[in-house]
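# Per-entry structural report
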Amino acid sequence: MNRLCEIVSANLLDVRPCVETENGVRVWTTCVYPGFDSVYVYVVKSDDGYIVHDASEALYRMEFDARNEAAASRAIQIECARYGLKFENERISCEVKTAEWIGSAVIAVANTAPAVVRISQDFEPEKPERNVLDEIYPQLASKVAKGSLLKNFECRGASGRRYKFDLAVNRRDCLTLISFVDRNVESVNSNYVAFADVPEEGTKKIAAHRGDMAKKDIMLFQRVATVARPPGVVKLVTGEAG
């Protein structure tokens, strides 16, 4: 255990194991997010003391629920101000001067993070949800060969696991797999695994989204598929220019 980890553990109000990560020393807490996932906080050394933060977990959970980001940020700032915390660089944080205050900072951040997620659940979505597949399907149906456009297409990955893709265009020379990726973490994770496991040869893979996909998720999916909004999906499948 490194020196910082020893300091953190020694100054928590009760004994909790900590783990070194790229975000700092990670500390498990007894607090939970909606859905009962444990809240973890992170401690890093600063020039003037120690910073305890949530590694942006609260904001990311709010974004995955497709909430209004401006309202989400406002809610976080209100709650942070209530408890003397900061909201900077997309994370909730608390800076303390001495190690003796680490335990109190951990409690403050760990309680605030799930609180703002719960508050965000009362927000209205930023805009009405559009059924992306209903938008794409009729356009493709009118442009590809009859019988080649399939819904809920099942495909075996390199691992042997079978995955269902929302749409597929099955041609002699190429199989195009299309799935809609929503902003929630389950959709991101499951679709990424499916696209990554399907072999590249003879297959075109398209991750469709409605235009609100997080930049970090776009960069993630670009490793295994082409990312596009509905008009781009149609052009990719049909080869239309523009």
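It should be emphasised that the depicted structure is a prediction, and the values quoted were computed from it without experimental measurement.

Before going further, it helps to examine the sheet that holds strand S10 (residues 203–208). With mixed pairing, five strands are arranged side by side in an open sheet as S7-S8-S9-S10-S11. Of all the strands in the sheet, just strand S7 (149–156) and strand S11 (226–228) have a single pairing partner and so form its edges. On average, each strand axis in the sheet is inclined to that of its neighbour by 40°, with strand direction left out of account. Examined bridge by bridge, strand S8 (residues 162–170) and strand S9 (residues 175–180) share four bridges and lie antiparallel to one another. The residue of S9 that forms the bridge with Asn-170 is Leu-175.

Going residue by residue along strand S4 (residues 50–53), you find Tyr-50 and Val-52 tucked away on one face and Ile-51 and His-53 tucked away on the opposite face as well. Where strand S3 (residues 38–45) lies against S4, four bridges are found, and the strand directions are antiparallel. Across the sheet, the residue bridging to Val-43 is Val-52, located in S4. In this structure, the hairpin formed by S3 and S4 is closed by a connection of four residues.

Here strand S1 (residues 18–21) pairs with strand S2 (residues 24–32) via four bridges, running antiparallel. Its bridge partner being in S2, Val-19 is matched across the sheet by Arg-26. The turn joining S1 and S2, which pair antiparallel and follow one another in sequence, is formed by two residues.

Another aspect to go through is the packing of aromatic side chains. What describes a pair of aromatic rings is the distance from one ring centre to the other and the angle between the planes of the rings. Scanning the entire structure with this criterion turns up three aromatic pairs. Here the aromatic rings of Tyr-192 and Phe-221 are separated by 5.8 Å at their centres, their planes lie at 90°, and the arrangement is edge-to-face. Of this pair, Tyr-192 sits in helix H6 (residues 185–197) while Phe-221 sits in helix H7 (residues 215–221); the two residues are 29 residues apart in sequence, bridging distant segments of the chain. Aromatic pair Phe-195 and Phe-221: ring centres 6.3 Å apart, planes at 85°, arrangement edge-to-face. Here Phe-221 lies in helix H7 and Phe-195 lies in helix H6, a separation of 26 residues in the sequence.

Looking now at the nonpolar core. Ranked by internal contacts, the top residues of the largest apolar core, which has 34 residues, are Val-25, Val-41, Val-43, Tyr-50, Ile-76, Ile-92 and Ile-102. Breaking this core down by element, the ones donating at least two residues are helix H1 (3–10), S2, S3, S4, helix H2 (57–64), helix H3 (69–82), strand S6 (91–96) and helix H4 (102–120). Here this core gets eight residues from one element, more than from any other, and that element is H4. Setting aside anything within four residues of it in sequence, one finds Tyr-50 in contact with Leu-4, Ile-7, Val-43, Val-44, Lys-45, Cys-94, Glu-95, Val-96, Thr-98, Ala-99 and Ile-102. Ala-194, Phe-195, Ala-207 and Phe-221 belong to the second-largest nonpolar core, a separate cluster that totals 18 residues.

The topology assignment puts Gly-232 in helix H8 (residues 230–238). For Gly-232, a relative accessible area of 25% puts it in the partly exposed group. Taking the C-alpha atoms as reference, Gly-232 lies 9.8 Å from Ile-136; in sequence the two are 96 residues apart.

Every buried residue of helix H5 (residues 132–141) is listed here: Val-132, Ile-136 and Leu-140. For H5, the angular spread of buried residues about the axis comes to 35°, placing them on one side. Those residues of H5 that are buried lie in contact with S7, S8, S9, S10 and H8.

Right, let's get into the layout of surface pockets. Roughly 220 Å³ of volume is contained in the second largest pocket. The wall of the second largest pocket is formed by Glu-22, Asn-23, Tyr-33, Asp-37, Ser-38, Val-39, Tyr-40, Tyr-42, Asp-54, Ala-55, Glu-57 and Arg-61. Within the residue set of the lining of the second largest pocket, elements represented by two or more residues are S3 and H2. Residue contributions to the lining of the second largest pocket peak at four residues, all from S3. A breakdown of the residues in the lining of the second largest pocket according to their chemical character gives five nonpolar, two polar and five charged.

What counts, and at which threshold
Residues numbered from 1 in each chain as written. Predicted model: local features only at pLDDT ≥ 70, side-chain atom pairs only at ≥ 80, totals over all residues. Heavy atoms only, no water. Pairing = 2+ DSSP bridges. Helix = DSSP H or I, 4+ residues; strand = E, 2+ residues; numbered from the N terminus. Axes fitted to C-alpha atoms, helices over the stretch in contact; angles between N-to-C directions. Buried < 20%, exposed > 50% of the residue type's maximum accessible area, 1.4 Å probe, protein only. Phe/Tyr/Trp six-rings, centres within 6.5 Å; stacked < 30°, edge-to-face > 60°. Core = buried A, V, L, I, M, F, W, Y, C linked by side-chain atoms within 4.5 Å. Contact = heavy atoms within 4.5 Å. Arc of directions from axis to C-beta. 1 Å grid on protein atoms, 1.4 Å probe; cavity = no way out; pocket = protein on both sides within 12 Å on 5 of 7 lines; lining within 4 Å. Points joined across faces, edges and corners; volume = space filled by probe spheres on them. Nonpolar A, V, L, I, M, F, W, Y, C, P; charged D, E, K, R; others polar.

Purely spatial values, then, with no claim about function.
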